[in-house]
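# Notes for the structure review
Chain by chain, the residues run as shown.
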Amino acid sequence: FSVQQEWPVPSQPEPALAARLSGSPADVLILRENRASNMCYKFKCFRLPERDRLYDALNQPSHWLLGVASKLKEQIGQESFLVVHWRSMVNKLMNSLQNNQVVPGQRLTRGEMKDHHQRCAREVIAGVEQVLHITKVSKVLFFSDVHAGCHGDIC
């Protein structure tokens with residue numbers, strides 16, 4: 001299968017991104033982050049040799065993962081589908097959890113901490129619905145690092 005990687009601008013609305021990428025001939029479209037603003041990349045800057053080996057290992061897909069990807073495509077079928085990977089850990093949340101005293105506005109407020117994941121989940125759902133509507137795709141494969149509870153019939 002063919003893979004296309006894209007680095008969208010964070011401020012670009014989902015409908016504009018979907019319109020730009022809807023004609024892609026790729027079987028798999030990967031939306032990536034700019035490393036300069038990616039927390040994992042920044043965290044990588046303060047690493048030990050052991051962590052270097054871990055990052056190198058995690059950067060290479062294992063043979064079993066490649067097999068799982070092929071099986072998922074077979075199970076989902078030949079029609080197009082959207083893959084969404086939501087990582088809930090954002091800079092403001094990490095700064096808050098680590099109690100970093102950084103530039104004002106770069107931490108979650110107490111009120112934001114109370115429902116951060118629920119608000120983010122609602123935003124992800126809204127963005128996915130927009131992309132599905134624009135692209136006319138009907139299936140979604142969703143990956144997340146948290147379980148945010150249920151929203152309607154989405155759990």
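Quick look at the structure, then. In this text, all values refer to a predicted model and were calculated from it rather than measured experimentally. Numbering of residues starts from 1 in every chain and runs along the sequence as written. Local features are withheld for residues below a pLDDT of 70 in this predicted model, meaning they are given only at 70 or higher, and side-chain atom pairs are given and counted only at 80 or more; totals for whole chains, interfaces and linings count all residues. Think of the side-chain values as coming from all heavy atoms in the structure, minus any hydrogens and water.

## Looking at the side chain of H116
Here is the rule we go by: In DSSP terms, a helix is any run of H or I states spanning at least four residues, a strand is any run of E spanning at least two, and both are numbered starting from the N terminus. Each residue is placed in one exposure class: buried if its accessible area under a 1.4 Å probe, protein chains only, is under 20% of its type's maximum, exposed if it is over 50%, and partly exposed if it falls in between. By definition in these notes, contact holds between two residues if any of their heavy atoms fall within 4.5 Å.
The residue H116 is located in helix α6 (residues 110-135) in this model. Judged by relative accessible area, which is 5%, H116 ranks as buried. Residues contacting H116, with those up to four places away along its chain left out, are S88, V90, L93 and L108.

## Structural notes on a nonpolar patch on the surface
The test is simple: Residues qualify for a patch when their relative accessible area is over 30% and they have no salt bridge, like charges being joined within 9 Å and the nonpolar side chains of Val, Leu, Ile, Met, Phe, Trp and Tyr within 5 Å. Surface accessibility in these figures is a Shrake-Rupley result with a 1.4 Å probe; residues are shielded only by whichever protein chains are displayed. Salt bridge, as applied in this entry: a Lys or Arg side-chain nitrogen positioned within 4 Å of an Asp or Glu carboxyl oxygen.
The grouping of W64, L65 and V68 at the surface amounts to a nonpolar patch, some 300 Å² of accessible area in total. Mapped onto the elements of the fold, V68 is located in helix α4 (residues 63-76).

## Details of the pattern of salt bridges
For the structure shown, the criterion picks out two salt bridges. As a salt-bridge pair, E6 and R20 come within 3.3 Å of each other at their nearest N and O atoms. Here R20 lies in helix α1 (residues 14-21) and E6 lies in strand β1 (residues 3-6), a separation of 14 residues in the sequence. Owing to a relative accessible area of 17%, E6 belongs among the buried residues under this scheme. Between R119 and D115 there is a salt bridge whose closest N-O contact spans 2.9 Å. Of this pair, R119 and D115 both sit in helix α6, four residues apart, which is roughly one turn of the helix.

## Thoughts on the nonpolar core
For clarity, the threshold we go by: To define a nonpolar core, start from buried Ala, Val, Leu, Ile, Met, Phe, Trp, Tyr and Cys residues and group those joined through side-chain atoms within 4.5 Å.
Counting residues in hydrophobic clusters, the biggest one holds eleven residues: A18, L82, V84, W86, C120, A121, V124, V128, V131, L132 and V137. Top element by residues in this core is α6. It accounts for six residues. Ignoring any residue separated from it by four or fewer positions in sequence, one finds V137 in contact with S80, F81, L82 and L132.

## Quick look at the packing of α1 against α6
For clarity, the threshold we go by: Axis definition: a line fit to C-alpha positions, over the contact stretch in the case of helices; interaxial angles, taken between N-to-C directions, run 0 to 180 degrees. In this scheme, a crossing is called left-handed if the near helix is turned counterclockwise away from the far one by less than a right angle; it is called right-handed if the turn is clockwise. All amino acids are sorted into three groups, where Ala, Val, Leu, Ile, Met, Phe, Trp, Tyr, Cys and Pro are nonpolar, Asp, Glu, Lys and Arg are charged, and the leftover types, Gly among them, are polar.
Running from N to C, α1 and α6 point in directions that differ by 35°, and their axes come no closer than 9 Å. In this structure, the crossing between α1 and α6 has a hand that is right-handed. In contact with E14, P15, A18 and A19 of α1, α6 contributes G127, Q130, V131, I134 and T135. Residue classes in the contact of α1 with α6 are distributed as five nonpolar, three polar and one charged.

Purely spatial values, then, with no claim about function.
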